[in-house]
Amino acid sequence: MKEENKFDEALRGKVRLVEENYLISEAEESEIWNKVQSKRSRSLQVRFKQIFLWSGALAASLALLLLAYSLFYPSREEKITFSTYSRVVMELNTQQPEDLAWAEKFIAEHCKTAAYICKNPEFTELQEELQLINAEMNDLEIMIANYGVNEFLVQSKIQIENHKSEITFQLIQMLMS
């Protein structure tokens, strides 16, 4: 038993030694926590300052970008311009698109009298294009006769007729000027 008492006594002595050397009193503990809190509050203040500085820098850069954009790219309202284009269209006695044949006769008659205009390269190019369009119209009429009325064929015919009328108008305008 003496040995057990010696062991217990030695253990208690070591525990006391540890308590005296390593354990912190309440006063020291509160002092340590105060130091931790002060360091933490300083780091929070530094973070707040950093966030404030970064947000201020971001706002300033956005303001500069908006200013640069407004200087280099003026508002679109300033670029809007209105113009009117009008042309005098002669009233045609047209019931069918084939009635434009009178315009082709008109062009042929005027070419006999004003040959210098008809020899103009632009005029001859437009005449060649008009001949090609007439050939396309004939082919399209054959296709409509063979395959019947098809939406695609009708749209193509309308586009070709519109183009033919524009070219005819340009030719007559060149003759009249």
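Relevant structure appears above.
Residues numbered from 1 in each chain as written. Predicted model: local features only at pLDDT ≥ 70, side-chain atom pairs only at ≥ 80, totals over all residues. Heavy atoms only, no water.

1. Re the overall build of the protein chain
A count of helical and extended segments in the protein chain gives 6 helices and 0 strands. The long-range share in the protein chain, meaning contacts at least 24 apart out of those at least 6 apart in sequence, stands at 66%. With an accessible surface of roughly 15,800 Å², the protein chain has 59% of that area assigned to carbon and sulfur atoms. (Helix = DSSP H or I, 4+ residues; strand = E, 2+ residues; numbered from the N terminus. Contact = heavy atoms within 4.5 Å. Areas by Shrake-Rupley, 256 points an atom, 1.4 Å probe, with all protein chains shown as cover.)

2. Notes on the nonpolar core
Core analysis: the largest hydrophobic core is formed by 21 residues, its most contacted members being Ile107, Phe123, Ile167, Leu171 and Leu175. Aside from chain neighbours lying at most four places away, what touches Phe123 is Ile107, Cys111, Ile117, Cys118, Leu171, Met174 and Leu175. (Core = buried A, V, L, I, M, F, W, Y, C linked by side-chain atoms within 4.5 Å. Buried < 20%, exposed > 50% of the residue type's maximum accessible area, 1.4 Å probe, protein only.)

3. Overview of the packing of helix α5 (residues 121–147) against helix α6 (residues 151–176)
Helix-helix packing is described using two parameters, namely the angle between the two axes and the distance between the axes. The geometry of α5 relative to α6 is characterised by a closest axis approach of 10 Å and an angle of 155 degrees between their N-to-C directions. Comparing the axis directions of α5 and α6 gives the class roughly antiparallel. For the crossing formed where α5 meets α6, the hand is left-handed. Taken together, the residues of the contact of α5 with α6 sort by class into 14 nonpolar, 6 polar and 7 charged. (Axes fitted to C-alpha atoms, helices over the stretch in contact; angles between N-to-C directions. Parallel < 35°, antiparallel > 145°, perpendicular 65-115°, else oblique. Left-handed = near helix turned anticlockwise from the far one by under 90°. Nonpolar A, V, L, I, M, F, W, Y, C, P; charged D, E, K, R; others polar.)

4. A short note on the state of the cysteines
Within this structure, the stated rule accounts for 1 disulfide. Disulfide partner of Cys111: Cys118, at an S-S distance of 1.9 Å. On the S-S bond that ties Cys111 to Cys118, the torsion sits near -95 degrees, and the link is left-handed. Overall, Cys111 belongs to the buried group, its relative accessible area being 15%. When its relative accessible area of 11% is taken as the criterion, Cys118 is described as buried. (Disulfide = S-S within 2.5 Å.)

5. Points about the pattern of salt bridges
Overall, the coordinates contain 2 salt bridges when judged by the stated rule. Residue Lys164 is joined to Glu104 by a salt bridge in which the shortest nitrogen-to-oxygen separation is 3.6 Å. Placement of the pair is Lys164 in helix α6 and Glu104 in helix α3 (residues 101–113), with a sequence separation of 60 residues. Classification of Lys164 by relative accessible area gives buried; the value is 12%. Assessed through its relative accessible area of 27%, Glu104 is described here as partly exposed. Notably, a salt bridge pairs Lys157 with Glu141, separated by 2.7 Å at the nearest N-O pair. In this pair, Lys157 sits in helix α6 while Glu141 sits in helix α5, placing the two residues 16 residues apart along the sequence. (Salt bridge = Lys/Arg side-chain N within 4 Å of Asp/Glu carboxyl O.)

6. A word on α5
Turn by turn, an α-helix covers 3.6 residues, leaving residues three or four places apart pointing in a common direction. An ideal rise of 1.5 Å per residue puts 39 Å on 27 residues; α5 measures up with 39 Å between its terminal C-alpha atoms. Just downstream of α5 lies Gly148, where phi reads positive at about 85 degrees. (Expected span 1.5 Å × (residues − 1).)

7. With respect to the side chain of Lys157
Looking at Lys157, the relative accessible area reads 19%, which means it is buried. Side chain to side chain, Lys157 and Glu141 meet in a polar contact 2.7 Å long. When neighbours within four sequence positions are excluded, Lys157 is seen to be in contact with Met137, Leu140, Glu141 and Ile144. (Polar contact = N/O pair within 3.5 Å; in protein donor to acceptor, adjacent residues only side chain to side chain.)

8. A closer look at the environment of Phe123
With respect to the helices and strands, the residue Phe123 is situated in helix α5. Overall, the relative accessible area of 0% leaves Phe123 in the buried class. Sequence separation of Phe123 and Leu171 is 48 residues, and the distance between their C-alpha atoms is 6.7 Å.

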